[in-house]
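Letter by letter, the chains look like this.
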Amino acid sequence: MSCTRLLTIVYRNPESSGISLPATMKKLRYLSMCWCSISEIKMGRKCSLLSLVKVRIDFCKGLRELTFLMFAPNLRILDVDSVYELEDIINKEKACEVDNSGILPFPKLNKLRFAYLPKLKTIYWSSLPFPCLKRITIEACLNLKKLPLNSESGKHGENGLIITYMENEWIEGVEWEDESTKTRFLSSCEQVLTFILFSYLIFKDSDSFHL
């Protein structure tokens, strides 16, 4: 287990109490979960820092938060798609249950994508520096009203942080930290169109889907 670098979990049913990532998985760099029914992804009894670089979670039922990510300081890519019950990325109450020693999450994150998360409301409860973040992509997350950004967040300059989004309704409803934050990011936002019917139909008829 201490040598594991890649972990892919597909079709984990029925719904269980959750998946625990042992503290001994110190070399785990890539975590992918798809078509699973789980209530939680959590750390082992003894919390330590993970070496995760990329996390991708698709079409998982039951997940309401991803608080374990605060223990992944090397994370560079986070992609979460069609996790319909997800409410928080990092839940404040759960984060406060463990000794986080003042950890600020996502210090090395480059790319962040959230898609088709209808219940998502919170990424983090306050603004974060995101010193390496280049792109945020938001698709069909209409309840996500506030991003954890201030005017100093993300990469600056010619290759500074860009926010791409799908719906005008979402960008018009964003609650910015202040006017300087709104001025900085709103001018660099880009609208993208995504073909969603196929993925929606697959998820809707997931009982008949076969790998």
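Look above for the structure.
Residues numbered from 1 in each chain as written. Predicted model: local features only at pLDDT ≥ 70, side-chain atom pairs only at ≥ 80, totals over all residues. Heavy atoms only, no water.

K.L.:
Before we move on, could you go through the pattern of salt bridges and cite the residues and values that matter?
P.N.:
One pass over the structure, following the stated rule, counts nine salt bridges. Residues D81 and R113 are paired through a salt bridge, measuring 3.1 Å at the closest nitrogen-oxygen approach. With D81 in strand 6 (residues 77–81) and R113 in strand 7 (residues 111–115), this residue pair connects regions lying 32 residues apart in the sequence. On the basis of relative accessibility, which here comes to 21%, the residue R113 falls in the partly exposed class. Here R135 and E190 are joined by a salt bridge, their closest N and O atoms 3.9 Å apart. Here R135 is found in strand 8 (residues 135–139), whereas its partner E190 is found in strand 10 (residues 190–191), with 55 residues between them in sequence. A residue is classified by how much of its surface remains accessible, and E190, at 35% relative accessible area, is partly exposed. Three or more residues are tied together by salt bridges with common partners; here these are D79, D81, R113 and E139. (Salt bridge = Lys/Arg side-chain N within 4 Å of Asp/Glu carboxyl O. Helix = DSSP H or I, 4+ residues; strand = E, 2+ residues; numbered from the N terminus. Buried < 20%, exposed > 50% of the residue type's maximum accessible area, 1.4 Å probe, protein only.)

K.L.:
I'd like to hear about the sheet that holds strand 7, residue by residue, with values.
P.N.:
The sheet built from eight strands is open, its strands ordered 1-3-5-6-7-8-9-10 with parallel pairing. Bordering the open sheet on either side are strand 1 (6–10) and strand 10, each of which pairs with just one other strand. Here strand 5 (residues 54–58) pairs with strand 6 via five bridges, running parallel. If you follow D58 over to strand 6, its bridge partner there is D81. (Pairing = 2+ DSSP bridges.)

K.L.:
Explain the packing of aromatic side chains to me, and be specific about the residues and the numbers.
P.N.:
Inspection of the entire model under this criterion finds six aromatic pairs. Each ring, one from Y11 and one from W35, has its centre 6.3 Å from the other, and the planes form 20°; the classification is stacked. Residue Y11 is located in the loop between strand 1 and strand 2 (19–21), and its partner W35 is located in the loop between strand 3 (30–34) and strand 4 (41–43); the two are separated by 24 residues in the primary sequence. Accessibility expressed as a relative area gives 32% for Y11, which makes it partly exposed. Given the relative accessible area of 9%, W35 is considered buried. A ring pair is formed by W35 and F59, whose centres lie 4.7 Å apart and whose planes are at 5°; its orientation type is stacked. With a gap of 24 residues between them, W35 in the loop between strand 3 and strand 4 and F59 in the loop between strand 5 and strand 6 connect regions that are remote in the sequence. An identical accessibility class is assigned to W35 and F59; each is buried. Three or more aromatic residues joined by ring pairs form one cluster here, namely Y11, W35 and F59. (Phe/Tyr/Trp six-rings, centres within 6.5 Å; stacked < 30°, edge-to-face > 60°.)

K.L.:
Talk me through the environment of I41; I want residue IDs and the actual numbers.
P.N.:
The topology assignment puts I41 in strand 4. Residue I41 is classed as buried on the basis of its relative accessible area, which comes to 2%. For the pair I41 and L66, spaced 25 residues apart in the sequence, the C-alpha separation amounts to 6.7 Å. Setting aside chain neighbours within four positions, we find I41 in contact with I19, L21, M33, I57, L63, L66 and F68. (Contact = heavy atoms within 4.5 Å.)

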